[in-house]
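What the coordinates show
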Amino acid sequence: MSRIWLSSPHIGEKERVYVEDAFKTNWVAPLGPNVTAFEKQLTAYLNVKSCLSLSSGSAAIHLALQLLGVKSDDVVLCQSFTFAASAFPVLYCGARPVFVDSERTTWNIDPQLLREAIIEQQRKNKKVSAIIVVHLYGIPAKMNEVLSIAKEFNIPIIEDAAEALGSTYHQKPCGSMGDVGILSFNGNKIITTSGGGALVSNNEALIERARKISAQAREPVAYYLHNEVGFNYRLSNICAGIGRGQMEVLNERIARRREIFEFYKKEFQDIDGVTFSEEPANTFCNRWLTTILIDERLGKNKNEEIRLHLESKDIESRQLWKPLHDQPVFKDCDAYENGVSADLFQRGLCLPSGSNLTEEDLKTVVYEFKKIFGRPI
Ligand SMILES: *Cc1c(COP(=O)(O)O)cnc(C)c1O
């Protein structure tokens, strides 16, 4: 029996063809037909004006911050309940991340608390130069509220849709609603390029500036002329070939992840104290990972007990993201807390959710899970 992974790459039929094309035509470079085609697919899928493929989602966030003019000592308000990669690029800019806790329904940034954070930071004479909102686990954040606060205070929004490709909010694709959106194609995401990311926006000028800066900020003259600092953040034409094939199967991957979510939900419906996150009204969730919450009545650290049992059977599961305001690396950063993300971290668990899991795999997970609760199988 092979290991059952949380979320492993699921390659289709065409990826290899596009990668081989790159070799055949010698487009083994950070540009080429696969890059162009992949960007076109993303632009169409997200219904945005413009897209730039990049070497990672982290690179995309870093570029977004640069383009929005985040300077050293500025404050960037960031959802606390997320992967550290959402906030690390703020430090690359010499700016300070300030963390904002989540609300209960979507597990994403609490608009009320965001508002308080802006007002207090401005009162302290801090320049709040961007807001990073995350659609964690593919569940859309409360964007209407967040966008209206951003407008009120005239602060740009970076939408971290790294986990939310294919999710929608009031019919709008996640990633397409902020001033800029970022995507990730890391190996564990809903589709992958082995490693990669993208910046998307309806502001074409901003993406064109990003394109230049991501290619060492070279000026359009025959020799190497640089008026500003650049980065080498482009996506390789080889990796874009993988992405091109993956885009063709994205909707199937989403359908399968949603099916897996429903399967677990049905199987565990009789286990008192195990709950699943509802799909918020007017949203469509890609269900990147199936997450559950375990009631405290069932015991403290029950999530860890389950994880260890599954691990002993070579099944990978994982606690939810540890809030960034509780991470040692961010210990000096301000935070606006309400206890929600700390509670989610205490009680939550991500179950194996990859679209390539077999029915057999899923049955094994359910069998081992129910064993812990002394349930009939
Ligand atoms: C994966 C991820 C990122 C970073 O993407 P990389 O491509 O791994 O750099 C950023 N934010 C969130 C929420 C993620 O899950």
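This text gives an overview of the structure that appears in the document.

Scoring rules and cut-offs
Residues numbered from 1 in each chain as written. Predicted model: local features only at pLDDT ≥ 70, side-chain atom pairs only at ≥ 80, totals over all residues. Heavy atoms only, no water. Near = heavy atom within 4 Å. Polar contact = N/O pair within 3.5 Å; in protein donor to acceptor, adjacent residues only side chain to side chain. Areas by Shrake-Rupley, 256 points an atom, 1.4 Å probe, with all protein chains shown as cover. Nonpolar A, V, L, I, M, F, W, Y, C, P; charged D, E, K, R; others polar. Core = buried A, V, L, I, M, F, W, Y, C linked by side-chain atoms within 4.5 Å. Buried < 20%, exposed > 50% of the residue type's maximum accessible area, 1.4 Å probe, protein only. Helix = DSSP H or I, 4+ residues; strand = E, 2+ residues; numbered from the N terminus. Domains from an automatic or database assignment. Patch = residues over 30% accessible without salt bridge, like charges linked within 9 Å, V, L, I, M, F, W, Y side chains within 5 Å. Salt bridge = Lys/Arg side-chain N within 4 Å of Asp/Glu carboxyl O.

In the vicinity of the ligand lie 15 residues, with Ser58, Asp160, Glu163, Ser184 and Lys189 positioned nearest. Interatomic distance of 2.7 Å between a side-chain N/O atom of Asp160 and a nitrogen atom of the ligand. Within the side chain of Glu163, an N or O atom sits 2.6 Å from an oxygen atom of the ligand. For the ligand, whose accessible area on its own is 380 Å², the fraction buried by protein is 94%. Residue classes in the shell around the ligand are distributed as four nonpolar, eight polar and three charged.

Turning next to the nonpolar core. If you look at soluble globular proteins, the nonpolar side chains tend to sit buried side by side. Among the nonpolar cores identified, the biggest contains 93 residues, and Leu65, Leu77, Leu114, Ile132, Tyr137, Leu183 and Leu199 are the most heavily contacted of them. When residues in this core are grouped by element, the largest group, seven residues, is from helix H3 (residues 57-67). Mapping this core onto the domain boundaries places at least three of its residues in each of domain 1 (14-248) and domain 2 (250-373). Residues Phe261, Val366, Phe369 and Phe373 belong to the second largest nonpolar core, which totals 22 residues.

All right, on to a nonpolar patch on the surface then. There is a patch of nonpolar side chains on the surface, built from Phe88, Leu91, Tyr92 and Val329 and spanning about 370 Å² of accessible area. The topology assignment puts Leu91 in helix H4 (residues 88-92). Leu91 sits in the partly exposed class, given a relative accessible area of 38%.

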